[in-house]
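Notes for the structure review
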Amino acid sequence: MDDHRGGAVSHAAVRIDLSAIRDNVAELRARAGAADVMVVVKGDAYGHGLVPAARAAQAGGATWLGTAALSEALALRAAGIGGRLMSWLFAPGERWTDALAAGIDVSASAPWTVEEITAAARETGRTARLHLKVDSGLGRSGAPEADWPALIDTALKAQAEGLVNVVGLWSHFAIADSPRHPTNTAQIAAFENAVAWAEARGVRPEVRHLANSAAALLLPRAHFDLVRTGLASYGLSPMPDVVGPGDVGLRPAMSVRARLALVKRVPAGHGVSYGHVYITDRETNLGLVPLGYADGVPRHGSGGEGDPGAPVLVGGRVRRVAGRVCMDQFVVDLGDDDLRAGDEVVLFGDAAAGEPTAQDWAQACRTISYEIVTRFAPRMPRTYIGMEEAL
Ligand SMILES: *Cc1c(COP(=O)(O)O)cnc(C)c1O
């Protein structure tokens with residue numbers, strides 16, 4: 001397989017189909033109706049590559065991009081990415097003046113954040129675009145209801161001085177992946193109350209936003225002016241028990257591919273990999289895959305001692321990881337199939353192509369597909385296909 005823009009053959013790569021991101025975002029836009037779409041590109045665009053994924057998202061019609069860390073928003077601007085861009089997770093002492101100079105929207109859940117942003121606005125002479133976040137029930141960031149009035153008043157005071165402009169009111173769901181859960185209804189009501197309270201005090205937001213991918217897909221009442229889609233933009237379902245990606249017109253952008261490094265015949269009763277948690281039950285061929293947990297392959301995908309092992313596609317058949325995943329390699333039991341070093345192994349990709357999915361890996365590892373796609377290491381080359389113009 002080709003390296004990103006190079007001719008070199010590598011033994012393994014994360015392949016990203018940027019046209020899938022573009023098309024998924026176009027689909028999400030259509031489903032969002034009148035609301036705008038912010039594609040969330042935190043976590044190196046969920047492991048898909050911050051800048052190429054952002055360009056693909058914009059090509060699909062995303063008018064906003066969002067990151068948790070300010071460093072990622074600044075990296076987008078440094079790469080020449082325009083459009084609305086919001087960042088939301090801060091500790092005291094952030095690079096506020098850089099954020100303002102780069103035209104990045106910022107968020108506050110507490111007065112200290114407004115005060116630091118205000119100081120930076122005073123210093124630079126730029127008005128900050130500020131979103132105020134209420135905790136409508138998630139119990140993570142956001143001002144609790146009792147502290148909302150103080151946050152609003154701090155922001156309005158700074159707005160009166162021309163230092164900030166409160167452009168957004170927002171919150172985040174706890175259980176949108178269960179669309180019928182009563183907590184969703186309660187959060188929508190709490191958010192509407194918080195918005196009404198702020199508007200009564202004189203806030204005139206450009207955007208009110210609450211929905212993540214799950215709510216963008218299945219809770220139209222939560223769309224408001226803007227939906228913030230992360231996982232769905234990359235073609236994965238945030239609620240795999242409710243809908244698969246294909247059911248809602250999405251296709252996965254990431255696949256992880258390698259080549260067999262060794263195939264060998266071993267007798268029955270042969271222990272495989274550290275700890276010998278997998279023992280061959282017959283004479284068989286073992287295939288060595290040159291990827292391990294240092295590359296981001298979860299050790300929880302190991303097979304043996306009652307664990308079936310995560311699935312991999314080799315030689316047209318889905319097989320299972322045999323024994324423990326090591327730092328750099330793992331083994332697959334190939335049975336009697338005649339495969340060779342160099343043959344392709346697909347850890348996960350698109351179900352429509354018969355490949356295991358990131359969700360299958362998540363299930364085997366007792367986690368969520370978010371964690372599977374975000375964990376591939378920088379030493380794994382990213383190969384981009386589908387949208388040359390985004391590179
Ligand atoms: C990560 C994140 C999102 C996107 O969530 P998905 O479930 O991936 O769509 C939206 N909003 C906030 C605040 C987030 O942190």
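Residues numbered from 1 in each chain as written. Predicted model: local features only at pLDDT ≥ 70, side-chain atom pairs only at ≥ 80, totals over all residues. Heavy atoms only, no water.

It is worth spelling out the pattern of salt bridges at this point. In the structure shown here, the tally under the stated rule is 23 salt bridges. A salt bridge links Glu283 to Arg265, with the nearest nitrogen and oxygen atoms 2.8 Å apart. Here the residue Glu283 occupies a position in the loop between strand S13 (278-279) and strand S14 (284-289), and Arg265 occupies one in strand S11 (residues 262-266), the gap between them amounting to 18 residues. By relative accessible area, which is 42% here, Arg265 ends up partly exposed. One connected set of salt bridges, linked through shared partners, spans Asp17, Arg22, Asp23 and Arg251. (Salt bridge = Lys/Arg side-chain N within 4 Å of Asp/Glu carboxyl O. Helix = DSSP H or I, 4+ residues; strand = E, 2+ residues; numbered from the N terminus. Buried < 20%, exposed > 50% of the residue type's maximum accessible area, 1.4 Å probe, protein only.)

Compared with the 20 Å implied by 1.5 Å per residue over 14 residues, the 20 Å span of helix H1 (residues 18-31) between its first and last C-alpha is a close match. All buried positions along H1 are accounted for by Leu18, Ser19, Ala20, Ile21, Asn24, Val25 and Leu28. Taken together, the buried residues of H1 touch strand S1 (12-17), strand S2 (36-40), helix H3 (50-59), helix H9 (213-218), strand S9 (226-229) and strand S19 (382-385). Positive phi shows up at Gly33, right after H1, with a value of about 60°. (Expected span 1.5 Å × (residues − 1). Contact = heavy atoms within 4.5 Å.)

We now examine the site of the ligand. Lining the immediate surroundings of the ligand are 14 residues, of which Lys42, Tyr46, Ser213, Leu231 and Tyr370 lie closest. For the ligand, an oxygen atom lies 2.6 Å from a polar atom in the side chain of Tyr46. Taking Tyr370, its side chain carries an N or O atom lying 2.6 Å from an oxygen atom of the ligand. If you list the elements that add at least two residues to the shell around the ligand, you get helix H2 (42-46) and S9. (Near = heavy atom within 4 Å. Polar contact = N/O pair within 3.5 Å; in protein donor to acceptor, adjacent residues only side chain to side chain.)

The next subject is unusual backbone geometry. For Phe224, which is not glycine, the phi dihedral falls at a positive 45°. Note on placement: Phe224 falls in the loop between H9 and S9. The backbone of His276 sits at a positive phi, close to 50°, despite the residue not being glycine. The partly exposed category is assigned to His276, whose relative accessible area is 48%.

Keep in mind these numbers describe shape, not what the thing actually does.
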